[in-house]
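# Understanding the architecture of this molecule
As a plain string of letters, each chain reads:
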Amino acid sequence: MEQTLSIIKPDAVQKGVIGKIIDRFESNGLRIAAMKKVQLDEKTAGGFYAVHAERPFFGELVSFMTSGPVVVMVLEGENAMAKNRDLMGATNPKEAAAGTIRADFAESIDANAVHGSDSLENAAIEIKFFFSENEVL
Ligand code: ATP
Ligand code: MG
């Protein structure tokens, strides 16, 4: 059993598609092991995306991620990390395969509906970033 971190980003929360996105996970064998709705501040969003600190789009990324509440989840299941990335689709929704979350619910490379850990190592780090052990059930 693997665990991975998922974030429903401010654009998708604003659109009212939290339930539709969670349905994609649950319908594809991913269990919600932890979940909370939070408003990220600049420090938290910047810390979470610290690997991108030197990228030209870092400022926009942090300002977008703090633009409204997000839903942070731990997804659990067989191959959870890769399965979640498959369900999400490509970073740029215009390149995302039909039927993926980003193809169906995202508008742009900035407002791209969801985040998912990109390796098991990062999944463990990201889960710890948002949840204490007794919140992952
Ligand atoms: P995420 O980490 O959010 O799951 P990802 O792993 O598909 O997305 P990354 O390369 O990690 O993509 O980029 C992190 C986020 O930064 C992307 O989700 C996107 O919102 C933003 N981003 C990435 N590349 C660009 C870009 N060229 N221009 C603007 N924003 C970008
Ligand atoms: Mg990433």
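In what follows, the structure referred to is the one given above.
First things first, this report covers the structure right here in the doc. (Residues numbered from 1 in each chain as written. Chains lettered and ligands numbered in written order. Predicted model: local features only at pLDDT ≥ 70, side-chain atom pairs only at ≥ 80, totals over all residues. Heavy atoms only, no water.)

### Observations regarding the site of ligand 1
- Around ligand 1 sit 14 residues, and of these Lys9, Tyr49, Thr91, Ile109 and Asn112 come closest.
- Between an oxygen atom of ligand 1 and a side-chain N or O atom of Lys9, the distance comes to 2.8 Å.
- Contact between ligand 1 and Gly116: an oxygen atom at 3.0 Å from a main-chain N or O atom of the residue.
- Look at ligand 1: alone it shows 570 Å² of surface, and the protein chains cover 81% of it.
- Looking at the shell around ligand 1, the elements that each hand over two or more residues are α5 (80–88) and β4 (114–116).
- Partitioning the shell around ligand 1 into residue classes produces five nonpolar, five polar and four charged. (Near = heavy atom within 4 Å. Polar contact = N/O pair within 3.5 Å; in protein donor to acceptor, adjacent residues only side chain to side chain. Areas by Shrake-Rupley, 256 points an atom, 1.4 Å probe, with all protein chains shown as cover. Helix = DSSP H or I, 4+ residues; strand = E, 2+ residues; numbered from the N terminus. Nonpolar A, V, L, I, M, F, W, Y, C, P; charged D, E, K, R; others polar.)

### Describing the nonpolar core
- Judged by nonpolar contacts, the single largest core of 21 residues is most densely connected at Leu5, Ile7, Met65, Val74, Phe130 and Phe131.
- For this core, the elements supplying multiple residues, two or more each, are β1 (2–8), β2 (31–38), α3 (42–48), α4 (58–65), β3 (70–77) and α7 (120–130).
- Sort the elements by how many residues they give to this core and α4 lands first, with five residues.
- When sequence neighbours within four positions are dropped, the list of residues in contact with Phe131 reads Leu5, Ala34, Met35, Lys36, Val72, Met73, Val74 and Val136.
- The next biggest cluster of nonpolar side chains, apart from the first, holds 20 residues, and it includes Val13, Ile32, Leu75 and Val114. (Core = buried A, V, L, I, M, F, W, Y, C linked by side-chain atoms within 4.5 Å. Buried < 20%, exposed > 50% of the residue type's maximum accessible area, 1.4 Å probe, protein only. Contact = heavy atoms within 4.5 Å.)

### Regarding the sheet that holds β1
- Across the sheet, which stays open at both edges, the four strands sit in the order β2-β3-β1-β4 with antiparallel pairing between neighbours. Edge positions in the sheet fall to β2 and β4, since each has one partner strand and no second. Sheet twist, expressed as the average angle between the axes of neighbouring strands with direction ignored, equals 20 degrees. (Pairing = 2+ DSSP bridges. Axes fitted to C-alpha atoms, helices over the stretch in contact; angles between N-to-C directions.)

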